[in-house]
Amino acid sequence: MGGMKIITTLLLLLATVAVGDKKPLPIATVHVFLKEECPIARYHTKTLSQLQERYAKEGIAFRGYVSSSKATKQSVAAFKAKFKIPFAIEPDASLSKAHHLRAKVTPEVVVRDRDSKTLYRGRIDNTYADFGKRRRVTTSHDLRDVLEALAKGEAVEPKSTEAIGCFIPFTKF
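Everything numeric here is computed off the predicted structure, so don't read it as measured data.

1. Side note on the pairing of strand β6 (residues 118–122)
In step 1: The element β6 is largely enclosed, with a buried count of 4 among its 5 residues.
In step 2: Alignment of strand β5 (residues 108–113) against β6, held across 4 bridges, turns out to be antiparallel. Bridge pairing in β6 places V110 opposite R121.
In step 3: Here β5 folds back onto β6 in antiparallel fashion, the turn holding 4 residues, of which S116 has a positive phi close to 65°.

Written out as structure tokens, the structure reads:
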């Protein structure tokens, strides 16, 4: 009987250590859709990097996807290095991530909570009024405002905005 107690205690201790070692889930994940040749996506890489640096310590993760049939591990790694993007980026040559998260253009972001509920979908900010039409002054910092609300435990508003950028082809869906 004593041996059974020792084994049970040991198993409980191991289970406690294993659970304690788990990294907590992020409070939200920003899924970023990019394209290597899209000028608007390229423009926003600096802003995205700054937002990731600022909100990582608040428990918000960033994941990037290059949604283009031309995307390869090598081309994505070169893009990531060239624009000094600090978060993980992977090729989405099959467009499965874009399809799953319903992204239509690059750059576009989808912010989801730890239960995979979409909290926000749309643009990073309103720097571009239309494709090729850049504003002199950015007046709305949509993604930053969403992340700030999440960091403070507040409700996210707005739930969506219209992203402006390079179209992700839907013919593959």
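2. A closer look at the state of the cysteines
In step 1: For the structure on display, the rule yields 1 disulfide.
In step 2: Between the sulfur atoms of C38 and its disulfide mate C166 the distance is 2.2 Å. An S-S torsion of about 90° defines the bridge between C38 and C166 as right-handed. Here C38 is found in the loop between β1 (28–34) and α2 (39–56), whereas its partner C166 is found in strand β9 (residues 166–167), with 128 residues between them in sequence.
In step 3: The exposure class of C38 is buried, given its relative accessible area of 0%.

3. Brief notes about the nonpolar core
In step 1: V30, L48, F62, L143, L147 and L150 are the most contacted members of the largest nonpolar core, which has 31 residues in total.
In step 2: Taken together, the elements giving at least two residues each to this core come down to β1, α2, β2 (60–66), α3 (73–82), β5, β6 and α5 (142–151).
In step 3: Per element, the largest residue contribution to this core is 5 residues, and it comes from α2.
In step 4: When residues no more than four places from it in sequence are discounted, the contact partners of L150 are I27, A28, I60, V111, L119 and V156.
In step 5: Listed in part, the 8 residues of the second largest apolar core include Y65, A98, A103 and V110.

4. Re the packing of aromatic side chains
Any two aromatic rings considered together are summarised by their centre-to-centre distance and by the angle between their planes.
In step 1: Throughout the structure, instances matching the rule amount to 4 aromatic pairs.
In step 2: Seen from their ring centres, F62 and F87 are 5.4 Å apart, and the 40° between their planes marks the pair as tilted. Of this pair, F62 sits in strand β2 while F87 sits in the loop between α3 and β3 (88–91); the two residues are 25 residues apart in sequence, bridging distant segments of the chain. Like F62, the residue F87 is buried in the burial classification.
In step 3: The ring of Y55 carries the charged tip of R54 above its face, separated from the ring centre by 4.4 Å.

5. Some thoughts on the side chain of D113
In step 1: For D113, the position within the fold is in strand β5.
In step 2: Buried charge D113 goes without a salt bridge, the closest partner of opposite sign being K117 at 5.5 Å.
In step 3: Only 2.9 Å separates the side chain of D113 from the backbone nitrogen of D115, close enough to count as a polar contact.
In step 4: Among the polar contacts made by the side chain of D113, one reaches the main-chain amide nitrogen of K117 at a distance of 2.9 Å.
In step 5: D113 has contacts with I27, A28 and L119, leaving out every residue within four places of it along the chain.

6. Details of α2
In step 1: Under the 1.5 Å per step criterion, the end-to-end length of α2 is 26 Å for 18 residues, consistent within 8% with the ideal 26 Å.
In step 2: Its axis deflected by about 35° at T45, α2 carries its strongest bend there.
In step 3: Here α2 has its buried residues at I40, A41, H44, T45, L48, S49, L51, Q52 and Y55.

7. Let's talk about the confidence of the model for the protein chain
In step 1: Looking at the protein chain, pLDDT values average 88 and 85% of them are 70 or higher.
In step 2: Ignoring residues within four places in sequence, the model shows residues 6–19, a span with pLDDT below 50, making 0 contacts including any to other chains.

8. So, the pattern of salt bridges
In step 1: One pass over the full model with this rule turns up 6 salt bridges.
In step 2: When the shortest N-O distance is used, the salt bridge between D142 and R123 registers 2.5 Å. Of this pair, D142 sits in helix α5 while R123 sits in the loop between β6 and β7 (128–130), and the two are 19 residues apart along the sequence.
In step 3: According to the relative accessible area criterion, R123 is partly exposed, its value standing at 23%.

What counts and what doesn't
- Residues numbered from 1 in each chain as written.
- Predicted model: local features only at pLDDT ≥ 70, side-chain atom pairs only at ≥ 80, totals over all residues.
- Heavy atoms only, no water.
- Buried < 20%, exposed > 50% of the residue type's maximum accessible area, 1.4 Å probe, protein only.
- Helix = DSSP H or I, 4+ residues; strand = E, 2+ residues; numbered from the N terminus.
- Pairing = 2+ DSSP bridges.
- Disulfide = S-S within 2.5 Å.
- Core = buried A, V, L, I, M, F, W, Y, C linked by side-chain atoms within 4.5 Å.
- Contact = heavy atoms within 4.5 Å.
- Phe/Tyr/Trp six-rings, centres within 6.5 Å; stacked < 30°, edge-to-face > 60°.
- Lys NZ or Arg CZ within 6 Å of the ring centre and 35° of its normal.
- Lys, Arg positive; Asp, Glu negative; His and termini not counted.
- Salt bridge = Lys/Arg side-chain N within 4 Å of Asp/Glu carboxyl O.
- Polar contact = N/O pair within 3.5 Å; in protein donor to acceptor, adjacent residues only side chain to side chain.
- Expected span 1.5 Å × (residues − 1).
- Bend = angle between axes of the 7 residues up to and from the residue.
- pLDDT = per-residue confidence, 0-100.

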